[in-house]
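Chain by chain, the residues:
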Amino acid sequence: RKEVEQDPGPFNVPEGATVAFNCTYSNSASQSFFWYRQDCRKEPKLLMSVYSSGNEDGRFTAQLNRASQYISLLIRDSKLSDSATYLCVVNIPPGGSQGNLIFGKGTKLSVKP
Amino acid sequence: EAGVTQFPSHSVIEKGQTVTLRCDPISGHDNLYWYRRVMGKEIKFLLHFVKESKQDESGMPNNRFLAERTGGTYSTLKVQPAELEDSGVYFCASSRKQGSGANVLTFGAGSRLTVL
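Fair warning: this is a prediction, and the values are worked out from it, not measured in the lab.

Draft legend 1. Seen up close, the sheet that holds strand β3 (residues 19-24) of chain B. Residue and element names in this part refer to chain B. On the basis of which strands lie adjacent, the open sheet formed by four strands has the order β1-β3-β8-β7 and antiparallel pairing. The open sheet has two free edges, formed respectively by β1 (5-7) and β7 (65-68), since each of these has just one partner strand. Ignoring which end each strand starts from, the neighbouring axes of this sheet average 15° apart. The pairing of β1 with β3 spans three bridges and is classified as antiparallel. Of the residues in β3, the one forming a bridge with Thr 5 is Asp 24.

Draft legend 2. Spatial organisation of the environment of Tyr 86 of chain A. All names here are of chain A. Structurally, the position occupied by Tyr 86 is in strand β9 (residues 84-91). Ignoring anything within four residues of it in the chain, the contact list for Tyr 86 reads Gln 6, Phe 21, Trp 35, Tyr 36, Arg 37, Leu 47, Leu 73, Ile 75, Gly 106, Thr 107 and Leu 109. From its side chain, Tyr 86 meets the backbone oxygen of Asp 82 in a polar contact 2.5 Å long.

Draft legend 3. Representation of the pairing of strand β8 (residues 70-75) of chain A. Residues and elements named next belong to chain A. Pairing of strand β3 (residues 19-25) with β8 involves six bridges; the strand directions are antiparallel. Its bridge partner lying in β8, Cys 23 is registered against Ile 71. Relative to β8, strand β7 (residues 60-65) runs antiparallel, the two sharing six bridges. Residue pairing in the sheet places Phe 60 in a bridge with Ile 75 of β8. The antiparallel hairpin formed by β7 and β8 contains four residues in its connecting segment, where Gln 69 sits at a positive phi of about 55°.

Draft legend 4. The arrangement of the side chain of Thr 61 of chain A in detail. Residues and elements named next belong to chain A. Relative to the assigned elements, Thr 61 resides in strand β7. In this structure Thr 61 comes out as buried when scored by relative accessible area, which is 12%. Here Arg 76 takes part through its side chain, which lies 2.8 Å from a polar atom of the side chain of Thr 61. Filtering out sequence-adjacent residues up to four positions away, Thr 61 remains in contact with Asn 55, Glu 56, Ser 72, Leu 73, Leu 74 and Arg 76.

Reading the values: rules and limits
Residues numbered from 1 in each chain as written. Chains lettered and ligands numbered in written order. Predicted model: local features only at pLDDT ≥ 70, side-chain atom pairs only at ≥ 80, totals over all residues. Heavy atoms only, no water. Pairing = 2+ DSSP bridges. Helix = DSSP H or I, 4+ residues; strand = E, 2+ residues; numbered from the N terminus. Axes fitted to C-alpha atoms, helices over the stretch in contact; angles between N-to-C directions. Contact = heavy atoms within 4.5 Å. Polar contact = N/O pair within 3.5 Å; in protein donor to acceptor, adjacent residues only side chain to side chain. Buried < 20%, exposed > 50% of the residue type's maximum accessible area, 1.4 Å probe, protein only.

Following this line, the structure appears as structure tokens:
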């Protein structure tokens, strides 16, 4: 079983749509959770950290369910510029360094006009 | 502030040759990481420096890979001799020393390695 699993997509949606990404992680010792965004042939960039209480940043909402080991990202009113690959990332510091991030393979989003 | 810079952006070499990748982290960032993504797979951790010391090298695939960070500034990752399966994109990332920013990584644009 992969440590971080995501639906690979692609998700093809029209502008203005709401789209949800799901992610599960296998190690219950995971302590930090993130969503990164990666544009084609570019570096991953931090989109947002994910907290147990859930957090929102504009059109983006992230949720964490530790009991189910499940992370989600919701994008409302999607824009053409949201087209990218969204990477679910976890960190397991004990036994590994704080920056030893575990990446999912990513979910590709394509927003069409 | 200037970002994480990597050189070269793309390198094409033949199997058995040597390649050295360089990473310049954000100034003042003590933590420096190497990751790589081989085709069709997820990005995977290789190793972590804190200043010039290797904090965690659990992700290094084998002894053909050598990472250094002399002086605690820039880092190099040497692959010698390169094999076909080493092809991929090598990302460098850096973060602040400690505190809440320690696991907020800034990635470089990556060095794409093609081994023929």
